[in-house]
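# Structural characterization, general
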Amino acid sequence: MELTISQVTQSLDVTPRMLRYYEKMGLITPFHKDNYAYRCYDEETIKRLQLIIVMRKLRIPLKKIAVILQDSGQMKTLEILRESVEELDGEIKSLETVRSALNMFISHLDEATQAKARVYLLGNNVLMKAVDALSLPKTTLKEKTTSLSDLDRANENLDKHLNVRILMLPPFTVASNHVIGEDPEESVGDLIDKFIRDSRLYEIKPDSRYFGFNHPNPGVLEDGIHGYEVWVTIPDDMDVPAPMTKKKFRGGLYAAMTIKFPEFQLWCELNRWVWESAEYEADYSELGAENMNGCLEEHLNWVYSSHMGWPENGIGGQLDLLLPIKRREKR
């Protein structure tokens, strides 16, 4: 069995950028057929991808997955999995503590309500001691089965309290670079990077920011070919060398969520959050799906890191996913 990059992304529900990142980490190795320009994936690589996907659903970090894939004796794999179980046990224990405290509140308040008495919670030593003892968890995991569908539901439960921020992007001027090809994200930033350093942009505009978006989106063109466009904010009167272009961005209201590269599947979670919001709804661009409907990916600390010559850990691997929104009309 051999699949193209388009077939893999569709069948396994991963993005081309995630695949390329896995390649850079050495987790998978695609190949090129003779007289065929695009990546292909054989059966062994697809199996490795499936294992990576399952391990990510189990909340195993990519660095540990790399160890698992190289662990022929499987002793390190056992150690990693046991560590993950211990972490979950700690979270479950914390949740049980929270549940016990809540049940104490419920029981005490219920008794007081039945007796038509008012409870001054801040003065109740028993309840306050229970609250003080809490070790609040960050996540919850209740599913105990091992099917992919159950893992998906577990991940939805873990991510249901997303840290979504609402922010207003102001109007600004940008220097833009646009590349279309098999790996546009790999090369599109090179020209911008040179521009930042040559112009000493960070010194001129230390609040400069770096954005990117699919243009056209993967799937619009065939065989994995797509485009990626990047913007770096510049002073309004700054000249931009060709082939870069100068553009104006009108600003707007966005739902924002920070992710660690390359967890772009969380776009689905941000979309779901907006869809379920009682206060906001999507305000997609009239440019349509080819330009990601006006969604943006802000690469945090990018301009500073470029200016500093990319010191170790200079970018931190963080991005903000930005989805355009507007307030829902009251009915």
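Residues numbered from 1 in each chain as written. Predicted model: local features only at pLDDT ≥ 70, side-chain atom pairs only at ≥ 80, totals over all residues. Heavy atoms only, no water.

### Some words on the pairing of strand S12 (residues 318–327)
Convention followed: Each residue is placed in one exposure class: buried if its accessible area under a 1.4 Å probe, protein chains only, is under 20% of its type's maximum, exposed if it is over 50%, and partly exposed if it falls in between. Elements are defined by DSSP. Helices are runs of H or I of four residues or more, strands are runs of E of two residues or more, and each kind is numbered from the N terminus. At least two DSSP bridges between two strands are required for those strands to pair.
Across the 10 residues of S12, seven count as buried, placing the element largely inside the fold. With seven bridges joining them, strand S9 (residues 252–260) and S12 adopt antiparallel strand pairing. Residue Lys-260 lies in a different strand from S12, and its bridge partner there is Gln-318. Pairing between strand S10 (residues 280–282) and S12: three bridges, direction antiparallel. Following the sheet pairing, Ala-282 is matched in S12 by Ile-325. Of the strand pairs in this sheet, strand S11 (residues 296–299) and S12 are connected by four bridges, and their pairing is antiparallel. Bridge pairing in S12 places Glu-297 opposite Leu-321.

### Topic: the side chain of Thr-173
Test applied: Side-chain atoms alone can form a polar contact between residues adjacent in sequence; in general such a contact is a pair of N or O atoms within 3.5 Å, and within protein one must be able to donate a hydrogen while the other accepts it. Two residues form a contact once any of their heavy atoms are found within 4.5 Å.
In this fold, Thr-173 is placed in strand S5 (residues 172–181). In terms of polar contacts, Thr-173 uses its side chain to reach the side chain of Asp-236, at 2.6 Å. For Thr-173, the side chain forms a polar contact with the side chain of Lys-248, separated by 2.9 Å. Excluding residues that lie within four positions of it along the chain, Thr-173 makes contacts with Val-232, Thr-233, Ile-234, Pro-235, Asp-236, Lys-246, Lys-247 and Lys-248.

### Structural notes on the confidence of the model for the chain
Selection rule: Each residue carries a pLDDT score, the predictor's own confidence in it, on a scale running from 0 to 100.
Residue-level pLDDT values for the chain average 82, and 81% of them are 70 or greater. Considering each helix and strand of the chain separately, the mean pLDDT is smallest for helix H6 (residues 125–132), with a value of 54, and largest for strand S8 (residues 245–249), with 96. Under a pLDDT of 50 for its full length, residues 135–146 has, in the predicted model, 22 contacts with residues more than four places off or in other chains.

### Considerations on the packing of aromatic side chains
The cut-off we apply is this: Two rings from Phe, Tyr or Trp (for Trp, the six-membered ring) form a pair when their centres are within 6.5 Å of each other. A pair whose planes differ by under 30 degrees is stacked, one over 60 is edge-to-face, and the rest are tilted.
Applying the stated criterion to the full structure yields nine aromatic pairs. Ring centres of Tyr-21 and Phe-261 lie 4.8 Å apart, and the angle between their planes is 80 degrees; on these two criteria the pair is classed as edge-to-face. With Tyr-21 in helix H2 (residues 16–24) and Phe-261 in the loop between S9 and helix H10 (267–276), this pair connects stretches of sequence that are 240 residues apart. Looking at Phe-261, the relative accessible area reads 27%, which means it is partly exposed. Pairing Trp-231 with Phe-249 gives two aromatic rings, centres 5.6 Å apart and planes at 55 degrees, and the pair type is tilted. With a gap of 18 residues between them, Trp-231 in strand S7 (residues 226–234) and Phe-249 in strand S8 connect regions that are remote in the sequence. Here Trp-231 matches Phe-249 in class, with each residue buried.

### Thoughts on the sheet that holds strand S1 (residues 2–4)
Selection criterion: The convention used is that axes are lines fitted to C-alpha atoms, helices contributing only their stretch in contact, and that angles between N-to-C directions extend from 0 to 180 degrees.
One open sheet accounts for three strands, arranged S1-S3-S2; its pairing is antiparallel. Strands with a single pairing partner mark the edges of an open sheet, and in this sheet they are S1 and strand S2 (31–32). One ladder, built from two bridges, connects S2 with strand S3 (residues 39–42); its direction is antiparallel. Paired with Phe-31 across the bridge in S3 is Cys-40. Sheet contacts for helix H3 (residues 43–57): S1 and S3; angle to S3, the most-contacted strand, approximately 85 degrees.

### Quick notes on the environment of Val-179
One can find Val-179 in strand S5. Assessed through its relative accessible area of 22%, Val-179 is described here as partly exposed. Not counting chain neighbours up to four residues away, the residues in contact with Val-179 comprise Pro-184, Ser-187, Val-188, His-226, Gly-227 and Tyr-228.

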